[in-house]
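# A structural walkthrough
Each chain is listed here by its residues.
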Amino acid sequence: MTKELSYPLIALNFKVYLEAIGENAIKLSRIAEEVSKEYGVCVMVAPPPLDLAQVVKEVEIPVFSQHVDPYKPGSHTGSIIAEEVKAVGASGSIVNHSEHRLRLADIGMVLERLRETGLTALLCTDTVETTKAGAALSPEILAIEPPELIGTGIPVSKAKPEVVTGAVEAVKRINPRVHVLCGAGISTGDDVAKAIELGTEGVLLASAYVKAKDPKKLLSGMAEAALKAWERR
Ligand code: G3P
């Protein structure tokens with residue numbers, strides 16, 4: 001496995017859950033790396049900001065920042081800038097997560113900053129309408145996540161399949177080079193398979209993995225299901 005992204009992609013956002021901070025961030029990232037190697041499926045991790053640099057050193061899978069601010073280097077206290085994400089060796093960043101929303105002008109600026117620094121953008125959107133606007137900005141990856149399902153364990157791929165297919169179709173029409181994922185409530189291999197059947201190239205998830213009793217078992221099931229669904233496409 002390498003730090004190169006490939007599809008199907010399972011993207012794991014650790015947010016700032018206690019179960020995913022410090023040593024736990026390393027542990028969960030190593031498990032993600034193991035599963036990625038065993039199944040030959042790309043697994044990306046987005047650890048908490050203060051663990052990003054260490055996680056990059058520990059694993060050979062793509063590691064993303066959870067956020068980047070729309071600034072150039074300089075007087076911006078407490079900010080995360082693209083240059084620093086690049087300097088620690090991360091591969092890209094989540095942009096505009098619904099728990100860290102940006103204004104449209106700032107989304108444009110962040111995407112530009114990521115491009116300038118050679119980082120990959122994973123842009124989050126919440127509806128088919130915002131997906132249309134997002135696709136026009138040409139991020140490498142776009143993840144549609146209805147906020148009301150985030151953290152609920154109710155999978156978007158089963159509860160709101162029309163939102164997923166709507167996003168996939170909109171992106172295909174507007175900017176077919178953009179890779180589409182879906183997220184919110186994804187909790188099982190079956191949810192992942194369903195997401196791929198709906199036309200996505202993978203999933204973005206958090207709580208099911210971070211809080212799993214046996215994260216390796218859960219992720220292995222997801223990787224296996226992703227591969228099978230991918231072959232059936
Ligand atoms: O970024 C992933 C996310 O917002 C979905 O969270 O906990 O529903 O998998 P979760």
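Above this text sits the structure in question.
Let me begin by describing the structure that accompanies this report. For clarity, every value in this text was computed on a predicted model and none was experimentally measured. Each chain has its residues counted from 1, running along the sequence as written. The model is predicted, so local features are restricted to residues of pLDDT at least 70 and side-chain atom pairs to those at 80 or more, both for listing and for counting; the totals for chains, interfaces and linings are taken over all residues. Water and hydrogen atoms were dropped before computing side-chain values, which therefore reflect all heavy atoms in the structure.

### So, the side chain of Ser 29
Formally: Going along the chain from the N terminus, every DSSP run of H or I of four or more residues is numbered as a helix, and every run of E of two or more is numbered as a strand. Exposure is judged per residue with a 1.4 Å probe applied to protein chains only, and the accessible area is read against the type maximum: over 50% gives exposed, under 20% gives buried, and values in between give partly exposed. Contacts are assigned to residue pairs that have any heavy atoms within 4.5 Å of one another.
With respect to the helices and strands, Ser 29 occurs in helix H1 (residues 23-39). By relative accessible area, Ser 29 is classed as buried at 1%. In this view, Ser 29 contacts Phe 14, Val 45, Val 55, Val 59 and Ile 61; residues no more than four positions away in its chain are not counted.

### Some remarks on a nonpolar patch on the surface
Rules: Only residues whose relative accessible area exceeds 30% and that form no salt bridge are eligible for patches; like-charged ones are grouped when within 9 Å, while nonpolar side chains (Val, Leu, Ile, Met, Phe, Trp, Tyr) are grouped when within 5 Å. Only the protein chains shown count as cover for residues, with accessible areas throughout obtained via the Shrake-Rupley method and a probe of 1.4 Å. The working definition used for a salt bridge is a side-chain nitrogen of Lys or Arg within 4 Å of a carboxyl oxygen of Asp or Glu.
Taken together, the side chains of Val 16, Leu 18 and Ile 21 present a nonpolar region at the surface, about 310 Å² in accessible area. Topologically, Val 16 is positioned in the loop between strand S1 (9-13) and H1. Judged by its relative accessible area of 57%, Val 16 falls in the exposed class.

### Topic: the site of the ligand
Threshold: We call a residue near a molecule or strand as soon as one heavy atom of that residue lies within 4 Å of the molecule or strand. As used in this structure description, the phrase polar contact means that two N or O atoms lie within 3.5 Å; if the pair is within protein, one of them must be able to donate a hydrogen and the other to accept it, and residues adjacent in sequence are counted only when both atoms belong to side chains. Note on residue classes: Ala, Val, Leu, Ile, Met, Phe, Trp, Tyr, Cys and Pro are nonpolar, Asp, Glu, Lys and Arg are charged, and everything else, Gly too, is polar.
The ligand sits among Asn 13, Lys 15, His 97, Glu 145, Ile 150, Gly 151, Ala 184, Gly 185, Leu 204, Leu 205, Ala 206 and Ser 207. The separation between an oxygen atom of the ligand and a polar main-chain atom of Gly 185 is 2.8 Å. With respect to the ligand, the backbone of Ala 206 contributes an N or O atom lying 2.8 Å from an oxygen atom. Look at the ligand: alone it shows 310 Å² of surface, and the protein chains cover 100% of it. Its residues placed into classes, the shell around the ligand shows five nonpolar, five polar and two charged.

### A word on the side chain of His 97
Here His 97 shows up in the loop between strand S4 (92-95) and helix H4 (104-116). Residue classification places His 97 among the buried residues on the basis of a relative accessible area of 4%. Those residues in contact with His 97 that sit more than four places away from it in its chain are Asn 13, Lys 15, Cys 124, Glu 145 and Ile 150.

### Describing the packing of H1 against helix H10 (residues 215-232)
The condition that has to hold: Axis lines are fitted through C-alpha atoms, for helices just across the contact stretch, and the angle between N-to-C directions can take any value from 0 to 180 degrees. What makes a crossing left-handed is the near helix being turned counterclockwise from the far one by less than a right angle; a clockwise turn instead makes it right-handed.
It is at 10 Å that the axes of H1 and H10 come closest, and there the two elements cross at 35°. Pair H1 / H10 crosses with right-handed handedness. For the pair H1 and H10, contact is made by Leu 28, Ile 31, Ala 32, Glu 34, Val 35, Glu 38 and Tyr 39 and by Pro 215, Lys 216, Leu 219, Ser 220, Ala 223, Glu 224 and Leu 227, respectively. Within the contact of H1 with H10, the residues separate by chemical class into nine nonpolar, one polar and four charged.

### Observations concerning the pattern of salt bridges
Counted according to the given criterion, the structure contains 15 salt bridges. Between Glu 116 and Arg 113 there is a salt bridge, with its nearest N and O atoms 2.9 Å apart. Of this pair, Glu 116 and Arg 113 both sit in helix H4, three residues apart, which is roughly one turn of that helix. Given a relative accessible area of 3%, Arg 113 falls into the buried group. Between Lys 228 and Glu 224 there is a salt bridge; the shortest N-O distance is 3.5 Å. Taken as a pair, Lys 228 and Glu 224 lie in helix H10 at a separation of four residues, close to a single helical turn. Look at Lys 228 and you get partly exposed, because its relative accessible area is 48%. The exposure class assigned to Glu 224 is partly exposed, which follows from its relative accessible area of 38%.

### Considering the nonpolar core
Our working definition: We define a nonpolar core as any set of buried Ala, Val, Leu, Ile, Met, Phe, Trp, Tyr and Cys residues linked to one another through side-chain atoms lying within 4.5 Å.
With 64 residues, the main nonpolar core has Ile 10, Leu 12, Phe 14, Val 95, Leu 205 and Tyr 209 as its most contacted residues. In this structure Phe 14 touches Ala 20, Ala 25, Leu 28, Ser 29, Val 45, Ala 46, Pro 47, Pro 48, Gln 66, Tyr 209 and Val 210, once residues within four positions along its chain are discounted. Core analysis: the next-biggest nonpolar cluster, separate from the first, contains 13 residues, Leu 9, Cys 42, Phe 64 and Leu 181 among them.

### Things to note about the pairing of strand S5 (residues 120-125)
Quick note on the threshold: Only when DSSP finds a minimum of two bridges between them are two strands counted as paired.
Of all six residues in S5, six are buried, a share of seventy percent or more. Burial along S5 is two-sided: the face carrying Thr 120, Leu 122 and Cys 124 and the face carrying Ala 121, Leu 123 and Thr 125 are both buried. Pairing of S4 with S5 involves four bridges; the strand directions are parallel. Bridge pairing in S5 links Ile 94 to Leu 122.

### Overview of H10
Test applied: To estimate how far a helix should reach, multiply one less than its number of residues by 1.5 Å.
Across its 18 residues, H10 extends 26 Å between first and last C-alpha, which sits within 8% of the 26 Å expected from 1.5 Å per residue. For H10, the full list of buried residues reads Pro 215, Leu 219, Ser 220, Met 222, Ala 223, Ala 225, Ala 226 and Ala 229. Contacts from the buried residues of H10 go to S1, H1, strand S2 (42-46), helix H8 (189-197), strand S8 (202-205) and helix H9 (207-210).

By themselves these figures say nothing about function.
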